[in-house]
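Listed below are the residues making up each chain.
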Amino acid sequence: MDKEYGIEILHFNPKEHQFLGTCNIETKTIGISKSIVDTPREMFVLGHEFGHFLLHQKVVINQNLLDSFNDSKFDFSTGKHNLENPRQWIEWQANYFSASLLLPESSLTAKLWQSMIRRGLTQGDYILNDSIDSHRKFQSIVSYLSLHFSVSKTSIIYRLKEYKLLREESRTKSIKQIIKEFNFKEFA
């Protein structure tokens, strides 16, 4: 980013900002909180802020107005974010840019299938059902993919669902309930 776009990446004290990352298009700087350096969230946040830099250079919106809008929430039942205001659209675009950069479909699919074969599963979509074995393998696969791509487990699950590589066939639990049971540290 430094050579091609002239962007300087700075690390700031988490107490200075309520955000994990910042992007200042005018000064060509991206700030990353020191609290996430060398964690699975760092690359995603860096990609997110780079997405703002590339996608939103011509967006003009009052900062106070932007700050007054709430962030979107992911709806596990629909598999989508509820986008209701300009801030939610801008943030969704930056998130989608980062996820696309870090987790392209072909790479994620290949690693998913490789991981499934190693666990004695048939190559293809992962089917999450009510069995304890299915839940354990799901947790193991998501953890492996998260480490391999250096992103959060949340990002992996969102992309698996988006690419339709994860099918839920649970009659008793939603994916949101299963995730809470796994106690993933990166879920927020």
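Everything below is about the structure printed above this text.
Because the structure is predicted, anything quoted here is derived from the model rather than measured. (Residues numbered from 1 in each chain as written. Predicted model: local features only at pLDDT ≥ 70, side-chain atom pairs only at ≥ 80, totals over all residues. Heavy atoms only, no water.)

A.B. asks: So, the pairing of strand β2 (residues 21-24): which residues are in play, and what are the values?
C.D. replies: Side-chain positions along a regular strand alternate between the two faces of the sheet. Pairing geometry for β2 and strand β3 (residues 29-33), over four bridges, is antiparallel. In the sheet register, Cys-23 faces β3, and the bridge partner there is Ile-30. Remark: four residues form the turn of the hairpin made by β2 and β3, two consecutive strands paired antiparallel; Lys-28 in that turn has positive phi of roughly 55°. (Pairing = 2+ DSSP bridges. Helix = DSSP H or I, 4+ residues; strand = E, 2+ residues; numbered from the N terminus.)

A.B. asks: Describe the packing of aromatic side chains, naming the residues involved and giving the relevant values.
C.D. replies: Using the criterion set out here, one finds six aromatic pairs in the structure. A centroid spacing of 6.4 Å and a plane angle of 80° characterise the contact between Tyr-5 and Phe-53, whose relative ring orientation is edge-to-face. Of the two residues, Tyr-5 is situated in helix α1 (residues 2-5) and Phe-53 in helix α2 (residues 40-55); the sequence distance between them amounts to 48 residues. Relative accessible area serves as the criterion here: at 31%, Tyr-5 is assigned to the partly exposed category. Ring geometry for Phe-50 and Phe-97: centres 5.9 Å apart, planes at 65°, overall edge-to-face. Residue Phe-50 is located in helix α2, and its partner Phe-97 is located in helix α4 (residues 86-102); the two are separated by 47 residues in the primary sequence. A relative accessible area of 10% places Phe-50 in the buried class. Aromatic rings pair up to connect Tyr-5, Phe-50, Phe-53 and Phe-97 into one cluster. One residue, Arg-159, lies across the ring of Tyr-96, its end atom 5.3 Å from the ring centre. (Phe/Tyr/Trp six-rings, centres within 6.5 Å; stacked < 30°, edge-to-face > 60°. Buried < 20%, exposed > 50% of the residue type's maximum accessible area, 1.4 Å probe, protein only. Lys NZ or Arg CZ within 6 Å of the ring centre and 35° of its normal.)

A.B. asks: So what's going on with the nonpolar core? Which residues, and what values?
C.D. replies: Judged by nonpolar contacts, the single largest core of 21 residues is most densely connected at Leu-108, Leu-145, Ile-156 and Leu-160. At the level of elements, α4, α5 (105-118), β6 (126-128), α6 (132-149) and α7 (153-162) are the ones that each hand at least two residues to this core. It is α6 that contributes the most residues to this core, five residues altogether. When sequence neighbours within four positions are dropped, the list of residues in contact with Leu-160 reads Leu-108, Leu-112, Leu-145, Leu-165 and Leu-166. Among the nonpolar cores identified, the runner-up in size contains eight residues, and Ile-7, Ile-36, Leu-46 and Phe-53 belong to it. (Core = buried A, V, L, I, M, F, W, Y, C linked by side-chain atoms within 4.5 Å. Contact = heavy atoms within 4.5 Å.)

Geometry only, nothing functional implied.
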